[in-house]
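What the coordinates show
Given next are the chains, with one letter for each unit.
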Amino acid sequence: MSILLSDYQPGEAAALVRLFYGSVHGVCLGDYTQEQVNVWADGTADPLLWEQTFLRRQTLVARLGGDISDFGATHEFILQRDIMLDFKMPWVALLGNHDCLGTGEDVFEEIWGEPNFYFQAGNVLFICLNTNCMEYDYSEPVPDLSFLERLMKNLPEGVERTVVVMHVPPFDLEFNNNVANVFQLYLKAFPNLMFCMNGHAHHYKINDFFDDGVLYYQTPCAKLRGYILFTITEDGYEHELIEF
């Protein structure tokens, strides 16, 4: 992997603000408390002020992979795909917020497919959504409620239960919280919403964001050597945190 050092370029501040927030609230949670990282990066940083600071002094930006527009994402996507091709069970990939940097979404779609999709296993409908709103600067509908509307009107035959999977959960800084409550209403309109799953925050946690009994299971990252195993039965489901 190559590292390219170059001078800061006007207009890069917004991406660096997101990178700073994500690093503090993701990587640093292993060494600091949630309260500490909230003070360190409270989500109110102004990209315009950062831009002025960067331009007043010599600011260097390190880019991995040598491809400035992709930040190395193309190589990472291909490497991950090649690893997963050896996996012996069915699998899918969801778009994460870091995957959206540069032309990352285009690379993701070329290798993995659409950012919003669904599949059916037995009588369970699995809905997989792009919820990385901040990366789109509100220029596109994220989450895409029209996708949910179309799916609701054309449900696959035999669907009796629903599971929803996403990267960024409601009420996170990266989520479009202007539509958080409407988003939840859309999800609950699907047959027997069992639970939701999300990533993003790297640590295992169970949230009832809307106090309506719909649980959001937050999976830990691979770095923390853990994942969640769900077993769906005729009567409901069970889950278990697997640490390895």
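1. Regarding the sheet that holds strand β4 (residues 124–129)
Hydrogen bonding along the main chain pairs the strands of a sheet, whether they run parallel or antiparallel. If you walk across this open sheet you meet the 6 strands as β3-β4-β5-β6-β8-β7, and the pairing is mixed. A single partner strand is all that each edge strand has here, and the edge strands are β3 (117–121) and β7 (205–207). Here the strands of the sheet are splayed against their neighbours by 20 degrees on average, with no regard to which way each runs. Relative to strand β8 (residues 216–218), strand β6 (residues 193–198) runs parallel, the two sharing 3 bridges. Bridge assignment links Cys196 to a residue of β8, and that residue is Tyr216. Contacts from helix α6 (residues 145–153) reach β3 and β4 within the one sheet, and its direction differs from that of β4 by about 160 degrees.

2. Considering the packing of α6 against helix α7 (residues 180–188)
Running from amino to carboxyl end, α6 crosses α7 at an angle of 15 degrees, the nearest separation of the two axes being 10 Å. Here α6 is positioned roughly parallel relative to α7, judged by the angle of their axes. Crossing of α6 over α7 shows left-handed handedness. Note on element contacts: α7 touches α6 through Val182, Phe183, Tyr186 and Leu187, opposite Leu145, Leu148, Glu149 and Met152.

3. What to know about the side chain of Glu135
Among the secondary structure elements, Glu135 is positioned in the loop between β4 and α6. Residue classification places Glu135 among the buried residues on the basis of a relative accessible area of 13%. Beyond its immediate chain neighbours, meaning those up to four positions away, Glu135 contacts Arg18, Asn97, Cys100 and Glu174.

4. Some details on the pattern of salt bridges
Evaluation of the coordinates by the stated rule reveals 1 salt bridge. Asp212 is the salt-bridge partner of Lys188, the closest N and O atoms lying 3.4 Å from each other. Of the two residues, Lys188 sits in helix α7 while Asp212 sits in the loop between β7 and β8, which places them 24 residues apart along the sequence. Classification of Asp212 by relative accessible area gives partly exposed; the value is 27%.

5. Details of the pairing of strand β5 (residues 161–166)
The buried fraction of β5 is high, at 6 of 6 residues. Burial along β5 is two-sided: the residues Arg161, Val163 and Val165 and Thr162, Val164 and Met166 are all buried. Judged from the 6 bridges that link them, β4 and β5 form a sheet pairing that is parallel. Residue Phe126 lies in a different strand from β5, and its bridge partner there is Val163. You can see the chain leave β4, run along α6 and come back into β5, and the turn it takes is right-handed. The parallel pair β5 and β6, bridged by α7, forms a crossover whose chirality is right-handed.

6. Some details on the packing of aromatic side chains
Across all of its chains, the model carries 13 aromatic pairs by this definition. Both rings, one in Phe230 and one in Tyr237, keep their centres 6.4 Å apart while their planes meet at 45 degrees; by these two values the pair is tilted. Taking the relative accessible area as the measure of exposure, Tyr237 reaches 26% and is therefore partly exposed. Put simply, the rings of Phe171, Phe209, Phe210 and Tyr216 pair up and form one aromatic cluster.

7. With respect to the nonpolar core
With 22 residues, the main nonpolar core has Ile127, Leu148, Phe183 and Leu187 as its most contacted residues. Setting aside residues up to four positions removed in sequence, Ile127 forms contacts with Phe117, Tyr118, Phe147, Leu148, Leu151, Thr162, Val163, Val164, Val165 and Phe190. Among the nonpolar cores identified, the runner-up in size contains 12 residues, and Val163, Met197, Ile228 and Phe230 belong to it.

8. Focus on the confidence of the model for the protein chain
Across the protein chain, the average pLDDT comes to 82, with 87% of residues at or above 70. Low pLDDT (under 50) marks residues 1–5, which in the prediction has 14 contacts with non-local residues, meaning those over four places away or in another chain. Scored below 50 in pLDDT, residues 63–70 makes 24 contacts in the model with residues more than four places away or belonging to other chains.

Rules used in this analysis
Residues numbered from 1 in each chain as written. Predicted model: local features only at pLDDT ≥ 70, side-chain atom pairs only at ≥ 80, totals over all residues. Heavy atoms only, no water. Pairing = 2+ DSSP bridges. Helix = DSSP H or I, 4+ residues; strand = E, 2+ residues; numbered from the N terminus. Axes fitted to C-alpha atoms, helices over the stretch in contact; angles between N-to-C directions. Contact = heavy atoms within 4.5 Å. Parallel < 35°, antiparallel > 145°, perpendicular 65-115°, else oblique. Left-handed = near helix turned anticlockwise from the far one by under 90°. Buried < 20%, exposed > 50% of the residue type's maximum accessible area, 1.4 Å probe, protein only. Salt bridge = Lys/Arg side-chain N within 4 Å of Asp/Glu carboxyl O. Right-handed = clockwise from strand over helix to strand, strands pointing away. Phe/Tyr/Trp six-rings, centres within 6.5 Å; stacked < 30°, edge-to-face > 60°. Core = buried A, V, L, I, M, F, W, Y, C linked by side-chain atoms within 4.5 Å. pLDDT = per-residue confidence, 0-100.

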